[in-house]
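# Overview (structure and organization)
If you want the building blocks of each chain, they are given just below.
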Amino acid sequence: MPVSMFGFGRLSAEGKIGIASGVVFFSMLMSRTLISERVDVGTRASLFRVQFLLFINSLLLLGSLYIWKRVVRRLCGTRGAPSVPQRCWRLVVLLFLTLVHGSYLCMFFLVDTEPHWFSILSFSCLGIYVILLFFLFVFGCLNRLHRLLSRRRGEEDAVASGSASQTVLALIVTAILAAYGLVNAAQPPRVIEVEIPVEKLPESLNGLRFVLLSDIHLGPTVGRSKLQRIVTMVNELNPDVVVIVGDLTDSQVTRLRSAAEPLGEMKARLGSYFATGNHDYYTADVEGWFELLHSMGIEALHNSNAKVFHPERPQDWICLAGIDDLEARMLRYPGHGMDVEKALSGCSAESPIILLAHQPHAAKQALQQRPDISLVLSGHTHAGQLFPLTILAFLMNPFFCGLYRVSEHTMVYVTSGTGYYGIPMRIASRSEITNIILKRA
């Protein structure tokens, strides 16, 4: 009775899935608000994982229906018995979509020292899915626009008959871009050297080398061998300081302890430092990672700072500070939350301040609170990582990628990331290790 009253049964499949997605998303918001912080982090993390899997798969299902209609029904038709090639094509598309929906399950159940082949395959399918969905939608919009502009019946028939060719074109473009993206992401990170002028930089620290890493994303598709390659490249740069600006990992220490061991081989003359990113909090094991990093000689800057100075002139120093990620407070992670004033407590007005802030939005907020910060180092955007996600990353962040002058005294550098998140592809972006050379302004 209630179903017929609200007309739910008369909704399309897409409408029903959309409502279900909204309900799950609302439950995620409510659980963050209502569940007490006295409930242990592990329990809340388990609930979040279940909700996240339901939400992401409901969204993926909307896209899967769209792809099925255009890639199967449009190419194979709906009338008459399907031929053998058509049955095979349907089976291929069904298998592809099944792998797509299994990708985020790997994030929680198939994480080890090295990536599992199923994780690589399913996340590769997810990348293909994103690209294909975009081009099917764009070509579909162009087709509708053409129909609106067509006045004669013959022209409309020609447009209708061209729908199948547009689908084939979308498949071809997707295949080319996906192949390029896989090859591009498999390359070693490029080393980018950037000279940044810093006011109040002591003469003894002129030319100081900071190596910036971010968004390594140890997890289902990034393992020990890739991290070992990154560490080897870092050591070849002979850095004074190494900073990791968040999103080091996508899983717990118990699963990735062996994969993270190469971090212990990283050499920096004046120290290595870490500040959290949003994905580090998604693991619900931040304290475990802090302990592991400490055992490897990497200091976690948890709303705190450290003095970086030349051993022969300890009176000349830089205040290197790190803040918790923006989402720590939203996730109600106990004892964590972005606190700029606490992070900069003890920093001298006569010394330059360098702040590690994972998200560009955090960098913007920090500079609004403390315009005396000399340089902010951020990540998070991946420079979009994968077209068409590049468009969203550009529009949603105040700083996208590269070096920005915010004021006469302040600069922000956003790295495109040293690894990749989940999908082992990079299109219109490249992984990087940033070799920053500080110069006196």
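Throughout this document, residue positions are counted from 1 along each chain, in the order its sequence is written. Thresholds applied to this predicted model are a pLDDT of at least 70 for local features of residues and 80 or more for the giving and counting of side-chain atom pairs; totals over whole chains, interfaces and linings are not thresholded and use all residues. Calculated side-chain values reflect all of the structure's heavy atoms, with hydrogen atoms and water omitted.

As named in an unreviewed UniProt entry, the protein chain is Calcineurin-like phosphoesterase domain-containing protein, taken from Culter alburnus.

### With respect to the packing of aromatic side chains
Only the six-membered ring of Trp is used, alongside the rings of Phe and Tyr, when aromatic pairs are assigned; centres must lie within 6.5 Å, and planes under 30 degrees apart are stacked while those over 60 apart are edge-to-face, with the rest tilted. A full pass over the atoms with the stated rule returns 10 aromatic pairs. When the centroid spacing of 5.7 Å and the interplanar angle of 70° are considered together, the rings of Y104 and F123 count as edge-to-face. Taken as a pair, Y104 in helix α4 (residues 84-109) and F123 in helix α5 (residues 117-149) lie far apart in primary sequence, 19 residues in all. Grouping residues by exposure puts Y104 and F123 together as buried. Plain terms: the ring middles of F394 and F400 are 5.5 Å apart, the flat faces sit at 80° to each other, and that makes the pair edge-to-face. Among the aromatic side chains, those forming a connected cluster through ring pairs are F134, F135, F139 and F387. By the criterion adopted, a ring carries a charge over it if an Arg CZ or a Lys NZ lies within 6 Å of its centre and within 35 degrees of its normal. Sitting over the face of the ring of Y66, R70 holds its NZ or CZ atom 3.9 Å from the ring centroid. By the criteria applied, helices consist of DSSP H or I runs no shorter than four residues and strands consist of E runs no shorter than two, each listed in order from the N terminus. The rule is simple: take the accessible area with a 1.4 Å probe, protein chains only, and divide by the maximum for that residue type; under 20% is buried, over 50% is exposed, in between is partly exposed.

### Some remarks on the sheet that holds strand β5 (residues 298-300)
With mixed pairing, 6 strands are arranged side by side in an open sheet as β1-β12-β2-β3-β4-β5. The sheet terminates laterally at β1 (190-198) and β5, the two strands that pair on one side only. Pairwise comparison of adjacent strand axes, ignoring direction, gives a mean angle of 25° for this sheet. Two strands make a pair as long as DSSP finds a minimum of two bridges between them. Each axis is a line fitted through C-alpha atoms, taken for helices only over the stretch in contact, and angles between the N-to-C directions span 0 to 180 degrees.

### Thoughts on a nonpolar patch on the surface
Patches in this entry comprise residues that are over 30% relatively accessible and not in a salt bridge; like charges within 9 Å are linked, as are nonpolar side chains (Val, Leu, Ile, Met, Phe, Trp, Tyr) within 5 Å. For accessible areas, the Shrake-Rupley method is used with a probe of radius 1.4 Å. Any residue's cover is judged against the shown protein chains and nothing else. The term salt bridge refers to a pairing of a side-chain nitrogen on Lys or Arg with a carboxyl oxygen on Asp or Glu at a separation within 4 Å. Nonpolar side chains collect at one region of the surface, where L389, I391, L392, F394, L395 and M396 lie side by side and expose about 620 Å² of accessible area between them. Within the fold, I391 resides in helix α14 (residues 389-396).

### Here's the deal with helix α10 (residues 286-295)
Within α10, burial applies to V286, W289, F290, L292 and L293. In an axial view of α10, the angular spread of the buried residues amounts to 170°, which keeps them on one side of the axis. More than 90 degrees from the buried face of α10, the exposed residues found are E291, H294 and S295. We call two residues in contact whenever any of their non-hydrogen atoms come within 4.5 Å of each other. In this structure, the buried side of α10 is in contact with α8 (253-260), β4 (272-275), α9 (278-282) and β5. Count one or two residues on from α10 and you reach G297, which has phi positive near 85°. What the arc covers is the set of directions going from the helix axis to the C-beta atoms.

### Some details on the nonpolar core
Ranked by size, the top nonpolar core spans 35 residues in total, and within it L213, L218, V234, L263 and M266 carry the most contacts. Secondary structure elements with two or more residues in this core: β2 (209-213), α7 (224-236), β3 (241-245), α8 and α10. Apart from residues lying up to four places away in sequence, L213 is in contact with I230, V234, V242, V243, I244, V245, M266, T418 and I433. Only buried residues count toward a nonpolar core. Its members are Ala, Val, Leu, Ile, Met, Phe, Trp, Tyr and Cys residues joined through side-chain atoms within 4.5 Å. Listed in part, the 34 residues of the second largest apolar core include I56, F123, I131 and A178.

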